[in-house]
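As a plain string of letters, each chain reads:
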Protein chains: 2
Amino acid sequence: MNRVSIKDVALQAKVSIATVSNVVNGKGRVSAQTARKVQDVIEQLQYYPSQSARNLKDKQSYMIAVVVPYLKEAKLYDNPFYWKLIVGIEEGAKHKRFQVMLMDVNDDESFAFVQERHLDGMVVVGTFHNEPVLERISAIQKPVVFLDSYLEHPYLHQLLIDDEQGGYLGAKHLIELGHRQIGIMCGLLVNGGVHAARLKGVHTAMKEAGLPLDSLQIFEVHTSAETGRFLAHRINDQFPQLTATFSFSDIGAVGLIRGFHDKKVSVPADMSVIGFDDMHYVEYMNPALTTIRQDVHMKGKLAVEMLMEMIDHPSVEARQIRLPVELITRESAGPCSRA
Amino acid sequence: MNRVSIKDVALQAKVSIATVSNVVNGKGRVSAQTARKVQDVIEQLQYYPSQSARNLKDKQSYMIAVVVPYLKEAKLYDNPFYWKLIVGIEEGAKHKRFQVMLMDVNDDESFAFVQERHLDGMVVVGTFHNEPVLERISAIQKPVVFLDSYLEHPYLHQLLIDDEQGGYLGAKHLIELGHRQIGIMCGLLVNGGVHAARLKGVHTAMKEAGLPLDSLQIFEVHTSAETGRFLAHRINDQFPQLTATFSFSDIGAVGLIRGFHDKKVSVPADMSVIGFDDMHYVEYMNPALTTIRQDVHMKGKLAVEMLMEMIDHPSVEARQIRLPVELITRESAGPCSRA
DNA sequence: CTGAAAGCGCTTACAG
DNA sequence: CTGAAAGCGCTTACAG
């Protein structure tokens, strides 16, 4: 396919391949005249330099990978979050003339592709909880930015949001509205994970208000709309004392609201609901969702920026950057009717 | 970085690089014993063959690109559709041991990267309306599958859904519910585009029912929730005769429903709404959205399959595959109150 | 079964 | 300013 090579251009332009290389890369000294001539031939022959050959010399690919664990899990599958993130990453990469590869990898899969393709770095999304994976990632000795991964290694470059503050803001809002008996819909509370951090923030808000932590009802469930709907039914049947539910994901909140509606529980009159993320469509729901906003697109762009910095300056100091979150007050959380 | 090369392995294992190559690729005849020895050294040295070098020989990269036009447009930006599609593609590609690159390209941008990186093919999502782009894509002489692109070239490999049938099913449902004055929220009706096809289906349903086409009110607007909300307000104020609105996207329908709610127009009692796509969350909305379902994940997987077939058999005949759609009846469309 | 050698398409000192 | 040559890390006939 890619028939025309640097040789063809050199031949046709009556110069050496070194000269062609120079004009292609704008390096070395080339007279305006020969440059011109070479350019013409390149144009005429439709010459495209082979990145593969370049990579072989440079040991650089101008490509980064975005690694997402377990694409098959429905959780990721239906989560608009990831698309927004990837778009942010692609945008940032493009700006730096890098291209991006998408990979989903399982806990036990190899990261050999990073070496094989001479990737310049990668952005790893979400937590790989088991240490072996982490070690394998570190072992490849390439620039890596970890997104939303609570890892306790100060030498790792991490980008997270202020999950604790998010939990705090949501809980505080509910408390200020008079709620005392609050349900929490969260995913698995693994040691120092995203949801554990959010819960910690909730605890802080409770303590600040002088409320006992055991008036909190924790539901450690799968993060999905399906689960939220089912949980709402369960709360209605078995936990009548609850007047508010804080879901650590918008998608869960969407399910909750629907589930309460199924049971004729009015949101927010009878039950307040708060979500987390501020996905674009929750503003248009009925009731519009009160939630904790994080700027996912910015997260993607910032991740690339961090990565590029590491690529340009391999010895740059590791940073743990934490993006702010914000309470977005809409309609789904209101005053406690049983205050 | 990638220090260890085939030479190092050869040296350490006391064989030639040809032999190493053979055991790595399982080609040629190698004695079990040497194979074993080489394997050990590979393991020990942590040797990863360089894809770049391989590509240089093979002119193959085992990588395909997913090309999405205009990532910056909010339309794509907030559309979960694309993520689901990409996941489907990645899954299919992985199955064939291919990796995927993500690119957004503008109408006037170059497709040089396909040649430069020796990509094995690409999936192009959405229509590039102007012919020059299409010509440039064709000019690169690589396997390409066009997704949702209405292109009138029988030699192009295309994968679409049955848009016309989708429009037909939605309209027919509304007509059966007694609606006569129907609004259509669609995007730009470019010559032979996706939305034009859907509209054509709507027309068919109207004609079948003996209804005049001018009782249809077409709103050619931007595809977004924001626009839907605004449009609902406008319909309420200026088009009181309408009793149903068919949006050619779920995201538009979400906005519509919210907009009608703003104006105290009850859906479906006073106004029926139908969407298109069946994004996962619309089932949980209140009211749950009646919509036309397409299987986006399947679409992604099928696209790769078509592409792989082209890669394996370059002369395979071009096909235009059209995936079926399905009416999903939920709550947002009901009997016409003014029938 | 195994190895020496050419060549893929570039880039990069090094001469001139 | 320009070119000859080496080398990046592989694969692939071709000998043996």
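Per-chain numbering applies: the sequence of each chain, read as written, is numbered from 1 onward. Labels follow written order: the first chain is A, the first ligand is 1, and so on. Confidence filtering applies because this is a predicted model: local features only for residues at pLDDT of at least 70, side-chain atom pairs given and counted only at 80 or more, and all residues used for totals across whole chains, interfaces and linings. To obtain the side-chain values, all non-hydrogen atoms of the structure were used and water was disregarded.

An unreviewed UniProt entry lists chain A under the name LacI family DNA-binding transcriptional regulator, from Marinicrinis sediminis.

Caption draft 1: Focus on the interface of chain B and chain A. Residue contacts follow a heavy-atom distance rule, with two residues in contact if any of their heavy atoms lie within 4.5 Å. Counting residues at the interface gives 61 residues for chain B and 61 residues for chain A. Summed over both partners, the accessible area (1.4 Å probe) lost when two parts come together is defined as the buried area. Approximately 6200 Å² of surface area, both sides summed, lies buried where chain B meets chain A, with 58% of it carried by carbon and sulfur atoms. Here, a salt bridge means any side-chain nitrogen of Lys or Arg that lies within 4 Å of a carboxyl oxygen of Asp or Glu. Our enumeration of links across chain B and chain A arrives at six salt bridges. One salt bridge connects Glu-331 of chain A with Arg-258 of chain B, and the closest N-O pair in it is separated by 2.6 Å. Each polar contact in these results corresponds to two N or O atoms within 3.5 Å; when the atoms are within protein, one needs to be able to donate a hydrogen and the other to accept it, and residues that are neighboring in sequence are counted only if both atoms are side-chain atoms. The tally of links from chain B across to chain A stands at 26 residue pairs in polar contact (both at pLDDT 80 or more). Think of it this way: any DSSP run of H or I at least four residues long counts as a helix, any run of E at least two long counts as a strand, and we number them from the N terminus. Within the residue set of the side of chain B that touches chain A, elements represented by two or more residues are α4 (51-58), α5 (74-77), α6 (80-95), β2 (99-105), α7 (112-116), α11 (225-238) and α12 (250-262) of chain B. The element that contributes the greatest number of residues to the side of chain B that touches chain A is α6 of chain B, accounting for nine residues. Each residue is assigned to one of three groups, with Ala, Val, Leu, Ile, Met, Phe, Trp, Tyr, Cys and Pro labelled nonpolar, Asp, Glu, Lys and Arg labelled charged, and all others, Gly among them, labelled polar. Looking at the side of chain B that touches chain A, its residues break down into 30 nonpolar, 16 polar and 15 charged. As judged from the three bridges shared by strand β2 (residues 99-105) of chain A and β2 of chain B, these two strands associate in the antiparallel manner. The partner of Leu-102 of chain A across the bridge, within β2 of chain B, is Val-100 of chain B. In short, DSSP must find at least two bridges between two strands for them to pair.

Caption draft 2: Structural detail: the packing of aromatic side chains. Only Phe, Tyr and Trp rings are paired, with Trp represented by its six-membered ring, and only when their centres lie within 6.5 Å; those with planes under 30 degrees apart are stacked, over 60 edge-to-face, the remainder tilted. Here the structure, examined in full by the defined rule, presents 13 aromatic pairs over all chains. Our definition puts a charge over a ring when NZ of Lys or CZ of Arg is within 6 Å of the ring centre and also within 35 degrees of the ring normal. If you follow Arg-198 of chain A out to its NZ or CZ, it ends over the ring of Phe-276 of chain A, 3.6 Å from the centre.

Caption draft 3: Main features of the relation of the copies chain B and chain A. For these two chains of identical sequence, chain B goes onto chain A by a turn of 180° and a shift of 0.1 Å along the axis, with RMSD 0.1 Å. In short, the pair behaves as if placed about a two-fold rotation axis. With an isologous cut-off of 70% or more, the 100% of interface residues of chain B that recur at the interface of chain A puts this contact in the isologous class. Superposition of the copies was done by least squares, using only C-alpha atoms of residues whose pLDDT is at least 70 in both.

Caption draft 4: Representation of helix α9 (residues 163-176) of chain A. All names here are of chain A. Compared with the 20 Å implied by 1.5 Å per residue over 14 residues, the 20 Å span of α9 between its first and last C-alpha is a close match. Using a 1.4 Å probe on the protein chains alone, a residue whose accessible area is under 20% of its type maximum counts as buried, one over 50% counts as exposed, and one in between counts as partly exposed. All of the buried residues in α9 are Asp-163, Gly-166, Gly-167, Tyr-168, Leu-169, Gly-170, Ala-171, His-173, Leu-174 and Ile-175. Looking one or two places after α9, you find Gly-178, whose phi comes out positive at around 100°. In this analysis, the expected span of each helix is defined as 1.5 Å times one less than the number of residues it contains.

Caption draft 5: Quick peek at the protein's contact with DNA strand D. Near DNA strand D there are 27 residues, and of these Arg-29, Thr-34 and Lys-57 of chain A together with Ile-6 and Ser-21 of chain B occur at the shortest range. A cutoff of 4 Å decides nearness: a residue is near a molecule or strand if any of its heavy atoms lies inside that distance of it. Backbone atoms, meaning sugar and phosphate, form 70% of the atoms of DNA strand D found within 4 Å of the protein. A distance of 3.0 Å separates a phosphate oxygen of DNA strand D from a polar atom in the side chain of Asn-25 of chain B. Take Tyr-47 of chain B: an N or O atom from its side chain is 2.9 Å from a phosphate oxygen of DNA strand D. For the surface near DNA strand D, the secondary structure elements donating two or more residues are α2 (17-25) and α4 (51-58) of chain A together with α1 (6-13), α2 (17-25) and α4 of chain B. Within the surface near DNA strand D, the residues separate by chemical class into twelve nonpolar, eight polar and seven charged.

Caption draft 6: Here's a closer look at helix α6 (residues 80-95) of chain A. Its 16 residues give α6 of chain A an end-to-end C-alpha distance of 23 Å, which sits within 8% of 22 Å, the value for a rise of 1.5 Å per residue. Arg-97 of chain A lies just past α6 of chain A and shows a positive phi near 60°.

Caption draft 7: Examining the nonpolar core more closely. Throughout this description, the term nonpolar core refers to a set of buried Ala, Val, Leu, Ile, Met, Phe, Trp, Tyr and Cys residues connected via side-chain atoms within 4.5 Å. Ile-64 of chain A together with Ile-64 of chain B are the most contacted members of the largest nonpolar core, which has 153 residues in total. Sequence-distant contacts of Ile-64 of chain B, defined by excluding residues within four places in its chain, comprise Ile-89, Ala-93, Phe-98, Gln-99, Val-100, Met-101, Gly-121, Val-304, Leu-307, Met-308 and Ile-311 of chain B. With 40 residues, the next largest nonpolar core counts Met-101, Met-122 and Phe-146 of chain A together with Met-122 of chain B among its residues.

Caption draft 8: A look at the pattern of salt bridges. Residue and element names in this part refer to chain A. Taken as a whole, this structure holds 28 salt bridges over all chains when the rule is applied. Salt-bridge contacts for Arg-229 lead to Asp-262; the nearest nitrogen and oxygen are separated by 2.8 Å. In this pair, Arg-229 is assigned in helix α11 (residues 225-238) and Asp-262 in helix α12 (residues 250-262), connecting sequence segments 33 residues apart. Looking at Asp-262, the relative accessible area reads 26%, which means it is partly exposed. For Asp-278, the salt bridge identified is with Arg-330, shortest N-O distance 2.4 Å. Of this pair, Asp-278 sits in the loop between β9 (272-277) and β10 (290-293) while Arg-330 sits in the segment after β12 (326-328); the two residues are 52 residues apart in sequence, bridging distant segments of the chain.

Caption draft 9: Looking closely at the sheet that holds strand β5 (residues 157-161) of chain A. With respect to topology, twelve strands assemble into an open sheet ordered β11(A)-β5(A)-β4(A)-β3(A)-β1(A)-β2(A)-β2(B)-β1(B)-β3(B)-β4(B)-β5(B)-β11(B), the strand pairing being mixed. Whereas interior strands pair on both sides, the edge strands pair on one side only; in this sheet they are β11 (320-323) of chain A together with β11 (320-323) of chain B. Neighbour to neighbour, the strand axes of the sheet diverge by 20° on average, direction disregarded. Sheet strands touched by α6 of chain B: β2 of chain A together with β1 (63-69), β2, β3 (121-125) and β4 (144-147) of chain B. Its angle to β2 of chain A, the strand with the most contacts, is close to 70°. Every angle, taken between N-to-C directions, lies between 0 and 180 degrees, and every axis is a line fitted to C-alpha atoms, over only the stretch in contact when it is a helix.

Caption draft 10: Looking closely at empty space enclosed by the protein. Throughout, the protein atoms alone are placed on a 1 Å grid, and a set of points is a cavity if a 1.4 Å probe fits but cannot get out or a pocket if it is open with protein on both sides within 12 Å along at least five of seven lines; lining residues have an atom within 4 Å of a point. Grid points are joined across faces, edges and corners, and a volume is the space filled by probe spheres set on the points. Applying the stated criterion across every chain yields a total of ten cavities of 30 Å³ or more. Of the volumes computed, that of the largest cavity is approximately 100 Å³. Lining the largest cavity are Gln-51, Ser-52, Asn-55, Ser-61, Met-63 and Arg-117 of chain A together with Ser-52, Asn-55, Ser-61, Met-63 and Arg-117 of chain B. Per element, the largest residue contribution to the lining of the largest cavity is three residues, and it comes from α4 of chain A. For the lining of the largest cavity, a count of residues per class yields two nonpolar, seven polar and two charged.

Caption draft 11: Representation of the UniProt feature "domain: HTH lacI-type" (unreviewed entry) in chain A. UniProt positions are given in the numbering used here, feature names are shortened, and annotations may be inferred rather than shown by experiment. Following the UniProt record, the feature "domain: HTH lacI-type" (unreviewed entry) maps to residues 4-58 of chain A here. Along residues 4-58 of chain A the backbone is 71% helical and 0% strand, and the end-to-end C-alpha distance reaches 21 Å.

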